[in-house]
Amino acid sequence: MCGIAGILTKTEIKNSLETLMLRMQTALQHRGPDDQGIYISPDREVAFAHTRLSILDLSAAGHQPMSTPDGRYWITFNGEIYNFLELRQTLEAKGEKFYSQTDTEVILKLYQQQGAECVNNLRGMFAFAIWDNQEQTCFIARDALGIKPLYYWQSGSTLIFASELRAILATKLPSIALSPEGLYGYLVSGSVPEPHTLIAGIHCLEAGHWLRWQAGNLRKQQYWQINFTSEAISLTEAKEKVRNALIDSIEHHFISDVPVGIFLSGGIDSTSIVALARQTQKGSLRTYSIAFEEDEWNEGELAQKIAKEFDTDHTEYKVTASLGKELLPKFLGSIDQPSIDGFNTFCVSQIAHKDGTKVVLSGLGGDELFGGYKTFQQVPKMVRLGQQLQKIQPISTSIGKGLASWGKSPRTQRLGDFLQQKPTTAAAYRSFRGIFSQREAWKITQHYFKDSSVQLPNSWERGVFQNTSISTNLPSLEDEVSRLELSCYMRNQLLRDGDVMSMAWGLELRVPLVDRALLETISSIPSKMRLAPGKQLLIQAVSELPSWVVNRPKRGFFFPFQEWIEKDWSDYFPNHELGTDINLILWYRNWSLAIFQHWWNEISG
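Position numbers for residues count from 1 along each chain, tracking the sequence in the order it is written. Local features in this predicted model are restricted to residues of pLDDT 70 or higher, and side-chain atom pairs are both shown and tallied only at a pLDDT of 80 or more, whereas totals for entire chains, interfaces and linings draw on every residue. To get the side-chain values, take all heavy atoms of the structure and skip hydrogens and water.

Asker: Which residues make up the overall build of the protein, and what values go with them?
Answerer: Regarding its fold elements, the protein presents 23 helices and 17 strands. Just to be clear, the radius of gyration here is over C-alpha atoms, and the globule rule we use is 2.2 Å times residues to the power 0.38. At 24 Å, the protein has a C-alpha radius of gyration in line with the 25 Å of a compact globule built from 605 residues. In terms of overall dimensions, the protein has C-alpha extents of about 70 × 60 × 50 Å along its principal axes. Of all 605 residues assigned to the protein, the portion counted as buried reaches 61%. Shrake-Rupley sampling with a 1.4 Å probe provides the accessible areas, and residues are treated as covered by the protein chains on show and by no other component. Summed over all atoms, the accessible surface of the protein reaches about 23,600 Å², with 49% contributed by carbon and sulfur. Note that His is not counted, nor are the chain ends; the positive residues are Lys and Arg, and the negative ones are Asp and Glu. Throughout, a charge is located at the NZ atom of Lys, the CZ atom of Arg, the CG atom of Asp or the CD atom of Glu. Placing the 60 positive and 66 negative side-chain charges of the protein at their respective mean positions leaves the two points 5 Å apart. Under the DSSP-based scheme used, a helix requires at least four consecutive residues in state H or I and a strand at least two consecutive residues in state E, with every element numbered from the N terminus. The buried label goes to any residue with under 20% of its type's maximum accessible area, the exposed label to any with over 50%, and the partly exposed label to all in between, with areas taken from a 1.4 Å probe on protein chains only.

Asker: Describe in detail the environment of Thr271, supporting the description with residues and values.
Answerer: Summarising the element assignment, Thr271 is placed in helix α7 (residues 268-280). It only takes one pair of heavy atoms within 4.5 Å for two residues to be counted as in contact. Setting aside residues up to four positions removed in sequence, Thr271 forms contacts with Leu264, Gly266, Ile306, Phe310, Leu545, Pro546 and Val549.

Asker: Could you give an account of the sheet that holds strand β4 (residues 66-67), with specific residues and numbers?
Answerer: Two strands qualify as a pair provided that DSSP identifies no fewer than 2 bridges between them. Overall, antiparallel pairing links the 6 strands, which are arranged β4-β5-β6-β7-β11-β12 in an open sheet. For this open sheet the edge positions go to β4 and β12 (217-222), each flanked by a neighbour on one side alone. As paired elements, strand β5 (residues 73-81) and strand β6 (residues 124-132) share 9 bridges and run antiparallel to each other. By the bridge assignment, Glu80 is partnered in β6 with Met125.

Asker: Lay out the environment of Gly605 in plain terms, naming residues and giving numbers.
Answerer: For Gly605, the location among the structural elements is in the segment after α23 (587-604). Taking C-alpha positions, Gly605 is 20 Å from Glu577, a pair spaced 28 residues apart along the chain.

Asker: Just give me the short version of helix α10 (residues 343-354), but keep the residues and values in it.
Answerer: Expected span of a helix: the number of residues minus one, times 1.5 Å. The end-to-end C-alpha distance of α10, which contains 12 residues, comes to 17 Å, matching closely the 16 Å that a straight helix rising 1.5 Å per residue would cover. Among the 12 residues that make up α10, 10 are buried, leaving the element largely enclosed by the rest of the structure. Of all the positions in α10, only Phe343, Asn344, Thr345, Phe346, Cys347, Val348, Ser349, Gln350, Ile351 and Ala352 are classed as buried.

Asker: I'd like a description of a nonpolar patch on the surface, backed by residues and values.
Answerer: Without a salt bridge and with relative accessible area above 30%, a residue can belong to a patch; like charges are then joined within 9 Å and nonpolar side chains (Val, Leu, Ile, Met, Phe, Trp, Tyr) within 5 Å. By convention in these notes, a salt bridge is any Lys or Arg side-chain nitrogen within 4 Å of a carboxyl oxygen on Asp or Glu. A cluster of nonpolar side chains, namely Ile392, Ile395 and Ile399, defines an oily patch on the protein surface of about 250 Å² accessible area. Here Ile395 shows up in helix α13 (residues 395-406).

So, in structure tokens, the structure goes:
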């Protein structure tokens, strides 16, 4: 995993490419401490930068930006391609010669043969750009599930892209102004929904999309999207299919020239990865976990028990309120875009980094694929209730307005939002998952735009959340919830925070449960099996799971933030100037505003 950046231009900034690329490279240095490189094309219309974290082929042969021997194609690549050995063998059979042991060179040769179609043969996480000196085109792509981030800014014939927002801002070319859509989306959901960012004019390339730049013109195209079908299958067949797909994914995710560790939270997902890794990997396994002094939140003993069960080399880090406060400044400095998450990944990544590990696996994605959240039960109930209430219009809308305006709890106010809309799965999901209600989010957005008139789309189904309201005619409401969890909460928050906070410590985070091949293999299993409450299909597929892990009540992995914010961390979370009608008692609402304000102060200078 690395940091990538680039500038494509036909303007006078061609004369400043060295300075601009050094600024971007410096902003990405934490992502790749092992090596760095810059390429500027002969006509000075293209410049690529790269910072490298060496995982495959640790030699100088893996240096980037990398080119084909004839100098026609140049690539800057961030990520890992887990099937690169199979792809390499196929290419070698066609006469291709390789000069390194990297997956980077495989992408380059694959693009040389297949063009844009190459993305459909890549299994892994990636964001890359390839420049063709002959055709004068640049191809930029992001992986199907959005594990690796890619941001871009276009002005006239100039395009700037990078792994992180801060690298684009480091050029000092975009003006720094808040995006109302990005801010509104952040306040409603707790993270900035793609393709928006918090900076006006800078976009996030959506997962499963590519860009093509030529002569200053930019084209965007989608090459993959999440889909579920439903086929007849027995429970026995479903369990076997899931188990084989999981083992296949974990085997691929262990491909590395450096040791690979595992984050062990004590939950079913991370325990499943440890259990199956024991089936596929020889030798020692390193696991890492976080513990707390507060008994209510502490799962350290459980993680230790799991580590002992599967004979791993386990490291635990006890985070206290005072230790957490010491880490806060570096955490705040590592934020690329704020969210209500990320601190947990930041802390556990520090442990792995201090232990000398450069690659770790995470259980992220299991809840989204196997129905581990309450949304899988509650959102369909809300949709059915909304459909019934539609029969008594306009009474239901009036009830919704009343709850949204006068509801005593944040959840009640968000329910009021839902009752005023068409009862779609996306609307119910936003209401259940939300942070601030629409009225609150609009008021806070106006607070930051008080000196200018700001307009947001009138329709809740368009604008900020256009990607989450596309109808895909999925087999069941539960399948729709799974798609929303994968494309909203997981992609915009968990994956994005996982990337930034692990890279803050020069650590590569891999997610074997967020795998295109795995998803496509199990997507035909009917939701009644795949999304059965309590992740029953996953549990039955991983027979090695101890009963004392399976039978314990589900608990998310949480920090004691409420207590810490009210006491030890109170100076980092001052009262906000928003008035008494916006309730900030719940920690995550307080956190979202305080973290955003800190980020904006740093960005806007």
